[in-house]
Structures are given as structure tokens and as C-alpha cells.
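Observations on the three-dimensional arrangement
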Amino acid sequence: VPGLFPDNVTNVVVNSPTQLTFTFNRSYSSSWMTYNEFSQITPFPEAWDVTALTGSPGSGGCYSGAYGAATTVTACTAVYTFLTSEAGNISGYATNPLWSIVDGPFKLQSMDSSGDVTMVPNTKYSGPQKATISKLEEVPFTTDDAEFDALVGGTVDVGYLPQQDLTASTTNASVAGPNNPRLTNYYMTPWILFSYNYAVYKLISNGDSGAAGHIFSQLYFRQAMQELVDQPLYISKLAKGYAVPTYGPVPILPSNPYVDPTEKTNPYPYDPSKAEATLRANGWKVVPGGTDTCVKSGSGAGECGAGIPSGTPLNFSFGYATGVTPVTEMADAEVASWDSAGIHVTAVPATFDTTVSTYSPPCTSSSTCSLEMGWWGGGWEYSPDSEPTGELLYSTGAEANSQNYSSATMDSLIATTDYSSSSSALSAYENYAAKQIPGVIWEPNLDYALTEVVKNLRGLAPQNPFANLFPEYWYYVK
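Our subject in this report is the structure included herewith. (Residues numbered from 1 in each chain as written. Predicted model: local features only at pLDDT ≥ 70, side-chain atom pairs only at ≥ 80, totals over all residues. Heavy atoms only, no water.)

1. With respect to the overall build of the protein chain
A tally of regular secondary structure across the protein chain gives 11 helices and 20 strands. Each of the three principal axes of the protein chain carries a C-alpha extent, and together these read 75 × 60 × 40 Å. In the protein chain, buried positions account for 44% of the 478 residues. Considering only intrachain contacts with a sequence separation of at least 6, the fraction spanning at least 24 residues in the protein chain is 63%. Taken as a whole, the protein chain presents about 22,100 Å² of accessible surface, with 54% of it coming from carbon and sulfur. (Helix = DSSP H or I, 4+ residues; strand = E, 2+ residues; numbered from the N terminus. Buried < 20%, exposed > 50% of the residue type's maximum accessible area, 1.4 Å probe, protein only. Contact = heavy atoms within 4.5 Å. Areas by Shrake-Rupley, 256 points an atom, 1.4 Å probe, with all protein chains shown as cover.)

2. Structural notes on the sheet that holds strand E7 (residues 186-191)
With antiparallel pairing, the three strands of this open sheet are ordered in space as E6-E18-E7. The open sheet is flanked by strand E6 (158-160) and E7, the only strands paired with a single partner. The average angle at which neighbouring strand axes cross in this sheet is 30°, direction not considered. Looking at chain direction, E7 and strand E18 (residues 449-454) are connected through six bridges and run antiparallel. Note that in E18 the partner of Tyr187 across the bridge is Val453. Against the sheet, helix H3 (residues 144-153) makes contact with E6, E7 and E18, and its axis sits at roughly 140° relative to E6, the strand it touches most. (Pairing = 2+ DSSP bridges. Axes fitted to C-alpha atoms, helices over the stretch in contact; angles between N-to-C directions.)

3. Quick word on empty space enclosed by the protein
Evaluated as defined, the whole model comprises one cavity of 30 Å³ or more. Approximately 50 Å³ is the volume attributed to the largest cavity. For the largest cavity, the lining is made up of 13 residues, of which Tyr196, Pro245, Thr246, Pro251 and Ile252 are closest to its centre. Split by residue class, the lining of the largest cavity holds eight nonpolar, four polar and one charged. (1 Å grid on protein atoms, 1.4 Å probe; cavity = no way out; pocket = protein on both sides within 12 Å on 5 of 7 lines; lining within 4 Å. Points joined across faces, edges and corners; volume = space filled by probe spheres on them. Nonpolar A, V, L, I, M, F, W, Y, C, P; charged D, E, K, R; others polar.)

4. Some details on the side chain of Asp418
Within the secondary structure layout, Asp418 lies in helix H10 (residues 408-419). One buried charged side chain, Asp418, makes no salt bridge at all; its nearest oppositely charged neighbour is Arg26, positioned 9.1 Å away. At 3.4 Å, the side chain of Asp418 and the side chain of Thr417 are in polar contact. Here Asp418 is in contact with Leu4, Tyr28, Ser29, Trp32, Thr389 and Glu391, once residues within four sequence places are set aside. (Lys, Arg positive; Asp, Glu negative; His and termini not counted. Salt bridge = Lys/Arg side-chain N within 4 Å of Asp/Glu carboxyl O. Polar contact = N/O pair within 3.5 Å; in protein donor to acceptor, adjacent residues only side chain to side chain.)

5. Considerations on the layout of surface pockets
The space that makes up the largest pocket amounts to roughly 1,600 Å³. Along the walls of the largest pocket sit 34 residues, with Ile41, Thr42, Phe44, Cys62 and Cys76 positioned nearest its centre. The set of elements that each furnish at least two residues to the lining of the largest pocket consists of strand E1 (9-16), strand E2 (19-24) and helix H2 (70-87). For the lining of the largest pocket, the leading source of residues is H2, giving six residues. Here the residues of the lining of the largest pocket sort into 22 nonpolar, 10 polar and two charged. Here the second largest pocket defines a volume of roughly 1,000 Å³. The wall of the second largest pocket is formed by 38 residues, among which Val324, Leu446, Asp447, Tyr448 and Ala449 lie closest to the centre. Where the lining of the second largest pocket is concerned, the elements lending two or more residues are H3, strand E8 (195-201), helix H8 (325-340), strand E15 (380-381), strand E17 (445-446) and E18. Its residues assigned to classes, the lining of the second largest pocket shows 21 nonpolar, 13 polar and four charged.

6. Quick notes on helix H1 (residues 30-37)
Inspection of H1 places Ser31, Trp32, Met33, Asn36 and Glu37 among the buried residues, and these make up the whole buried set. Each element contacted by the buried residues of H1 is listed here: E2 and H10.

7. With respect to the sheet that holds strand E3 (residues 106-111)
If you walk across this open sheet you meet the three strands as E3-E4-E5, and the pairing is antiparallel. Edge strands, defined here as strands with exactly one partner in the open sheet, are E3 and strand E5 (136-138). Taken over all neighbouring pairs, the strand axes of this sheet differ in orientation by 25° on average, direction set aside. Examined bridge by bridge, E3 and strand E4 (residues 117-121) share five bridges and lie antiparallel to one another. Pairing of Leu108 across the sheet is with Met119, part of E4.

8. Describing the state of the cysteines
Under the criterion given, the structure shown has three disulfides. Between Cys62 and Cys76 runs a disulfide, and the two sulfur atoms are separated by 2.0 Å. Taking the sign of the S-S torsion, about 90° here, the bridge from Cys62 to Cys76 comes out right-handed. Of the two residues, Cys62 sits in the loop between H1 and H2 while Cys76 sits in helix H2, which places them 14 residues apart along the sequence. Exposure remark for Cys62: the relative accessible area of 24% places this residue in the partly exposed category. Accessibility expressed as a relative area gives 24% for Cys76, which makes it partly exposed. Between the sulfur atoms of Cys294 and its disulfide mate Cys304 the distance is 2.1 Å. (Disulfide = S-S within 2.5 Å.)

Encoded structure:
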């Protein structure tokens, strides 16, 4: 985010081997600084301050350099370039002396470029929980069917049930319902992350004959689109209950101290009649099952909005990621719902990699942006920035602001969450965002995984809401 970390650091002083002092350009919220700034710092061992495998610890000159000095920047850049190069050699991880320097409960024994990983306990680990299992093997699967077959065959102790292999529903996304009857040797524990889900509009798009971005920028249009998304139905019927509704930028589940009571209620519940009425009231001729057109151009009351000429159709493309059955089904259901109100949307399915690389980066200019709407299936997980403020997502110019959203009011509310530790500051931001739908479509947030655990293995649940594994706590019972 322009102006924030590390731009806001004016000096760093090493006081002792266990203490650093950071000086910033102004006062900031202590909780925001702890959870969203310092959380992004990863300490490196001195032995990684090298530019060659034969280098002695600290020989790279980054470790001992004065903060901000040109010579330090040069040295650290060279070190980082070298480490990045070594990190690209996946098959050499287990033998590279750099990666044998570990301080966690496990150390790497073997790894290949396919994703097969074997770890064993680190006998030098002095942390609070030492590993009791003798080995941890991570096994990759290229298809959902292959992973399900491994579960049915009992060849893995921990696996993940593909959504399409669910055979029964739950009434609580965090509580498992009946397991797939073929997995008699496993118990299932749903894994919910501290995250929320959304699709994006490209707010500076020149699509739809140059009018797409102008249409998407109208709050009334985003409200109407949201009122045609039936989250409760999709969660119940398509996700079999294993999803959490999204009503704003702070997750409802897992339980957390940040979500405001207002955001626990959908500000735009499913209401096709209201959506159509909203469009009519803002200058559109609504043609259910056809294509709506603007009949009252202009930016005044009852008109379509600035930059939207008369005769402009509501005709857009919607790229979405395939590979997860409920996501595909939800996207198809939304397209049908929007079409029923005359908002003609053409679905453009593609792989996750293609969709996220296409729609995640912000557009660089309105003259070159023809993208319209996109959804890579997942939204945002708050890690390593775990306090759910919005500077990365909705502040003007932020790198993760995929939709090119810009609002002086939003910028001000976000800045207040960064400067003040008051809970009211976060509530003001999240409630404003929930109602503004800032260039997004709130989408149901599928459980991150439906984790299957062999019945004699304990210590895995509850699962970490930031997608981390802690196998040092796992143990077997008879």
C-alpha cells in the first residue's frame, strides 16, 4: 500500500541481539502495527546473509549494514537475489545447506518438484511442543478423484474430501454432518479460514461499448446485482451447508472480536422484485429474460448515471474459475438469476490460474481494460495481516484493489483504522464497506477444506484459521 510499510519506517536500530527499535513517520494503531505490519516481517538467520553457498555467515553484508544506507540496499538486494535463485531449485531443497538451517519442530528429509515432501522431527528444536509422530509425508494429488480414491483406499491418514463427494448436508458450516459412508475409517472436521469471498467488477472497464465501468461504478447497480444473489439458497443446496455467507469485508465465522453486529445481517438480501424496481427507478427499461437498456441517460435523479448513453445494454462477461463444483454451480446460478432481471451476463469459465491471473491485477488504464466481471472462486484470507482493516483491499491504489475502487470516504475510514485502536473505527469502516459493496459482489465463502482424519489420529482439530498446519501436536491413540 503506497505510504504504508515499509515506506512509513524512518529508521531501525539494533539495540541488542533480542531487541530492535523501529521509528515510524507518525503514530499508528498498536494492534494494527502488531497484526498487520510486524506480522509481515520474517527474521532470517545470519547464515542466510550470503551470496554463495560457500559464503560464511554475514559475508553478504546485509546483516551488518546500517538501515537505509545505499550500501546496505545493494548488499541486501544481492543476498535476496541469491536466495531467490536457490529457492527455485525445488529438487535440491533437501540437500541444500541453506535450507538445513531450521528452528521449527520438523526438518526436511526429501522433496521433489511434484510436491512430494517428507519431514522428520528436528531433534534440536527447543520450542513448546516437540513432535511425537516419527515422520510427516505430504502427498500431492492432481485430481479430486485421485484424492478421494486415496481416502477410500485408506492410504492417507489426513486428506481432504472434495465438495462433490459430500453425501449429506450440515446446518452449521463449522460442524460436520454425516460423513461419506465410504469413509468409515475417518472422521471429518470442517476447516474454516478467517476469510471472506467476493467477485470483482472492473470499475474502469471500457467494455459494453465503453460504458461497463460507468455502470459498475453506480451503487444502485451493485445493489441490484447483489439482490439477485441468493446466498442462503446456494449455501444450503449447492454447498450442502459447508459455506459461510459474506455480508461485508469481515468474516462472520470463525468467531472473532472484529465483526460488527450490523454486518451479521445481509444488507442486500435476495429480492428480484426490488432489484428490478431499483433498475427502473434509475432509468433502465427492464426486460426480464432479455436485455435491459438505458432509456434515461444523464447523472441526475432517475437517470442511468454519468457516462452511460441512452440505448446502452446491460450486457457483460463474467469470468470464473472452474475446478470446484460448488463454485461452478454458484456462478451458473448467478448468471441465470441476473439474466432473469434482464442483466445479460455471459459466463466465461477458465482454470483457476488463468482466472486469478486475469482478474486479480488492477487494470492499469481505462483505455486498455476490457475486462468486466471476474471471480477466481475465493476471495481474501487475512494472513499474515490478520486484523481485518481494508488498506490492502479498498484504499486507492492498493495492489490488491483488483477492481480499481477509489473513494475518499473509504480512504479516510481505512486510515482511521490504521491510526486508531478504537473498535468503533473498524466498525465504521466495515459497515460502510458492507453497504457500499466496493466494486465487488459478496459471495458465499466455502469451507477451506473438509478435512478427513483417520480415527486413531488426534490433535489436528481445531484447525488453524490462517491455513497453517501444526503436525507437532498430532498424535496416535490405540
